[in-house]
Amino acid sequence: MPEAILGLSAFYHDSAAALLVDGQIVAAAQEERFTRKKHDPAFPANALAYVMAESGLRLSDLAAVAFYDKPYLKFERLLETYHGFAPRGLRSFIAAMPVWIKEKLMMRTMLKEELAKAGDGDPPVLFPEHHLSHAASAFYPSPFPEAAILTVDGVGEWATSTIGFGRGRELTILRELQFPHSLGLLYSAFTYYTGFKVNSGEYKLMGLAPYGNPGSEQVQRFKSLILDELVDLREDGSLLLNMDYFDFATGLTMCRDDKWESLFGVPRRPRETLLDQRHMDLALAIQQATEEIVLRLAETAKQLTGADYLVMAGGVALNCVANGKLIRRGTFKDLWIQPAAGDAGGALGAALAAWHIWQEKPRPVPNPQMDNMAGSYLGPEFGADDILRVARRHRAPYQHYPDYADLVKDVAALLAQGQVVGWFQGRMEWGPRALGNRSILGDPRHPEMQKRLNLKIKYREGFRPFAPSVLHEETANYFELDRPSPYMLLVAPVNEARRNPLPPGYDNLELFDRLYHLRSDVPAITHVDYSARIQTVHKETNERYWLLIRAFKELTGCGLIVNTSFNVRGEPIVCTPEDAYQCFMRTEMDHLVMGDYRFDKQDQPAWQEAKDWRTEFELD
């Protein structure tokens, strides 16, 4: 009988379930993909049902269930924090206590009750610490036999950052930084202050940073204020926050707005209002400070471990700009980051910690050429019958391609004509990035593609950049990157030879004047600082996607395409064919490809009816 361990994360954000069978990752998924509630924190009942069905096992077959943190330690931190800051925080304390006393202190009982709904069986429930779960998710699936481990996020129980070392099945935490002193919470405070939503808008803050005016007096002043007034940064990368400026420990907001406005001379930007240069410069200043802290932490990890390789997890590990600079610094020979580096990945890490540490199972000798994540394609897969049911339900005409070579040839031609294609294939991705199975695709050479995707397909802020999916063997032809980046977690510069010169006074232009300047021969994926967030595509892990990009290259000479996640703003990435069709019809995507079936927007009855109505309305 195979030995199976279920990992769970829940009740904060990005709930998820992951399943190991005999130490191998069989399935993993986030609850949001099933409920369609972005960052859903609820118990991952749907994700649990999926991973169990994918394995063919029952609850009674499980050797253990591992939850991604220790609730009692978290409660201890909560009580000590309120006591330490008293009488500040009384309102927050009164709001938080009933939930803790009624539910979270009874976590084991609550988890067992939820598990009982999934079937018979009473496996033991384990509670590894939050940052141990992150560390396990980073080290055990990596391609390295031994590595330094760096985990950085907002906060777990007490720890906000840890440095560890992994060798074989052994994993040791060497140092930790404790709450409230947190790089993740510092970055989230700036996310909040610049008008984005905490725990989801950090990507936007990172994307906004290149619009800051590098080298300007204002950026330098902001960075100095951060490092002199908000943060006491030490040589080893540890830090102390000046809590006079922050409210997250006991309050209901991230920072004290009045003190920040007095310090920076910039008011907090209300959400959805226009951005001005001061907010862009603030974004650049905190990004630069973050990079400096991450680089110092990495240097300390190198000194403590002497390791040649580094692995990372935690929400800050999703800062792919910092990751790219860490690679170029050369402190380590190579870097590997868990593709689901945030709290969702804690479910996988908890299961891996239970397998290797609790059950003392050996770690297989890693393959230096490939990690153990199966390309991170660990979610549900849907067949032709599922796609055809959606077509029948919506009376949706389609074209079927018995030969996949014909399909990719036609789709490549559509992309080359400037068409936008929803691409739905195989197993859904694990983690926040679409990696070619739940993606929206476009031509990177098209001068209007970035604007069109943001405003008419994704319905999101126009300043946000798009990523390239590039054939792995073509990477060096486009980017200053000498290694794989399969999970879109490294930012690197576009090659000098592909860049166009900038006009005089470029840094002083308005945001959208800078944005729409054609900076390279692949403008749709070239950010304003000539950078790109790169996904290298490998035939070994996603042959269908690789074949599509190769067909595009054979037609156009261009070995990459634009890849953005298959969703609209405020919604999770699509999971099912029904989700994909609904998203396709609500946007101005031109085509939808699901499996071997292509749907053209102009052929869809619902679109024709909507178009007829719009025409009549305009004539009236």
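Conventions we followed
- Residues numbered from 1 in each chain as written.
- Predicted model: local features only at pLDDT ≥ 70, side-chain atom pairs only at ≥ 80, totals over all residues.
- Heavy atoms only, no water.
- Salt bridge = Lys/Arg side-chain N within 4 Å of Asp/Glu carboxyl O.
- Helix = DSSP H or I, 4+ residues; strand = E, 2+ residues; numbered from the N terminus.
- Expected span 1.5 Å × (residues − 1).
- Buried < 20%, exposed > 50% of the residue type's maximum accessible area, 1.4 Å probe, protein only.
- Contact = heavy atoms within 4.5 Å.
- 1 Å grid on protein atoms, 1.4 Å probe; cavity = no way out; pocket = protein on both sides within 12 Å on 5 of 7 lines; lining within 4 Å.
- Points joined across faces, edges and corners; volume = space filled by probe spheres on them.
- Nonpolar A, V, L, I, M, F, W, Y, C, P; charged D, E, K, R; others polar.
- Polar contact = N/O pair within 3.5 Å; in protein donor to acceptor, adjacent residues only side chain to side chain.
- Pairing = 2+ DSSP bridges.
- Phe/Tyr/Trp six-rings, centres within 6.5 Å; stacked < 30°, edge-to-face > 60°.
- Lys NZ or Arg CZ within 6 Å of the ring centre and 35° of its normal.

Asker: What is the right way to read the pattern of salt bridges from this model?
Answerer: Where charged atoms of side chains with opposite charge meet at close range, the side chains can pair. Enumeration according to the criterion identifies 38 salt bridges in this entry. Linking E291 and K325 is a salt bridge whose minimum nitrogen-to-oxygen distance equals 2.9 Å. Linking E291 in helix α11 (residues 277–305) with K325 in helix α12 (residues 320–329), this pair joins segments that are 34 residues apart in sequence. Linked by salt bridges that have partners in common, K204, E272, E461, R464 and R569 make up one network.

Asker: Sorry, what's going on with helix α19 (residues 543–556) here?
Answerer: Three- or four-residue spacings in an α-helix give side chains the same orientation, since the helix completes a turn every 3.6 residues. End to end, α19 covers 20 Å across 14 residues, agreeing with the expected 20 Å (1.5 Å per residue, within 8%). Turning to α19, its buried residues are Y545, W546, L548, I549, A551 and F552. Close packing links the buried residues of α19 with α15 (404–416), β14 (421–424), β15 (438–442), β16 (467–471), β18 (531–537) and β19 (560–565).

Asker: How should the layout of surface pockets be read in this particular structure?
Answerer: To find leftover empty space, a probe the size of one water molecule is rolled over the atoms. Put simply, the second largest pocket is a space of about 660 Å³. In this structure, the second largest pocket is lined by 31 residues; those nearest its centre are W336, Q369, D371, P484 and P486. Elements with a minimum of two residues in the lining of the second largest pocket: β12 (334–337) and β18. Top element by residues in the lining of the second largest pocket is β12. It accounts for 4 residues. Here the residues of the lining of the second largest pocket sort into 18 nonpolar, 9 polar and 4 charged.

Asker: Explanation requested: empty space enclosed by the protein in the structure shown.
Answerer: The full count for this structure, using the stated rule, is 3 cavities of 30 Å³ or more. There is about 120 Å³ of room inside the largest cavity. Along the wall of the largest cavity there are 15 residues; nearest its centre are Q450, L515, R519, P523 and A524. The class makeup of the residues in the lining of the largest cavity is 9 nonpolar, 5 polar and 1 charged.

Asker: Would you take a moment to explain the environment of H356 for this structure?
Answerer: Assignment of secondary structure puts H356 in helix α13 (residues 343–358). At 2.9 Å, the side chain of H356 and the backbone oxygen of K361 are in polar contact.

Asker: I would appreciate a short explanation of α15 in the present structure.
Answerer: Over its 13 residues, α15 extends 18 Å from the first C-alpha to the last, a length consistent with the 18 Å expected when each residue adds 1.5 Å. Measuring from the backbone nitrogen of A405 back to the side-chain oxygen at the start of α15 gives 2.9 Å, which picks out D403 as the cap. A positive phi of about 90 degrees marks G418, the residue just after α15.

Asker: Got a minute to help me understand the environment of M1 in this structure?
Answerer: With respect to the helices and strands, M1 occurs in the segment before β1 (4–9). We classify M1 as exposed; its relative accessible area is 74%. When the C-alpha positions of M1 and L233 are compared, they lie 52 Å apart, and in sequence the two are 232 residues distant. Look past the residues within four positions of M1 in its chain and what remains in contact with it is L57 and D61.

Asker: I tried to follow the pairing of strand β6 (residues 146–152) on my own but got confused; where do I start?
Answerer: The side chains of a regular strand alternate between both faces of the sheet. In terms of burial, β6 is largely enclosed, as 6 of its 7 residues are buried. Pairing of β6 with strand β7 (residues 159–167), which is carried by 7 bridges, proceeds in the antiparallel orientation. Paired with I149 across the strands is G164, a residue of β7. Following β6, the chain reverses through 6 residues before pairing antiparallel with β7. Taken together, the 4 bridges between β6 and strand β11 (residues 309–313) define a ladder with parallel strand orientation. Bridge assignment links L150 to a residue of β11, and that residue is M312.

Asker: Mind showing me how you'd approach the side chain of H356 here?
Answerer: H356 gets classed as buried once you look at its relative accessible area, which sits at 3%. If we ignore the near neighbours within four places in the chain, the residues touching H356 are Y140, R169, K361, P362, R363 and P364.

Asker: What exactly am I supposed to notice about the packing of aromatic side chains here?
Answerer: Think of a pair of aromatic rings as described by two things: how far the centres are apart, and how the planes are tilted against each other in angle. Scanning all chains against the criterion turns up 23 aromatic pairs. Arranged with centres 5.7 Å apart and planes meeting at 85 degrees, the rings of F222 and F264 form a pair that is edge-to-face. Of this pair, F222 sits in helix α9 (residues 217–230) while F264 sits in helix α10 (residues 257–264), and the two are 42 residues apart along the sequence. Accessibility assignment for this pair places F222 and F264 in one class, buried. Among the aromatic side chains, those forming a connected cluster through ring pairs are F179, F190, Y193, F222, F246, F248, W260 and F264. Above the ring of F584, the side-chain terminus of K601 is found at 4.5 Å from the ring centroid.

Note that every value here comes from positions in space, so none of it alone points to a role or purpose.
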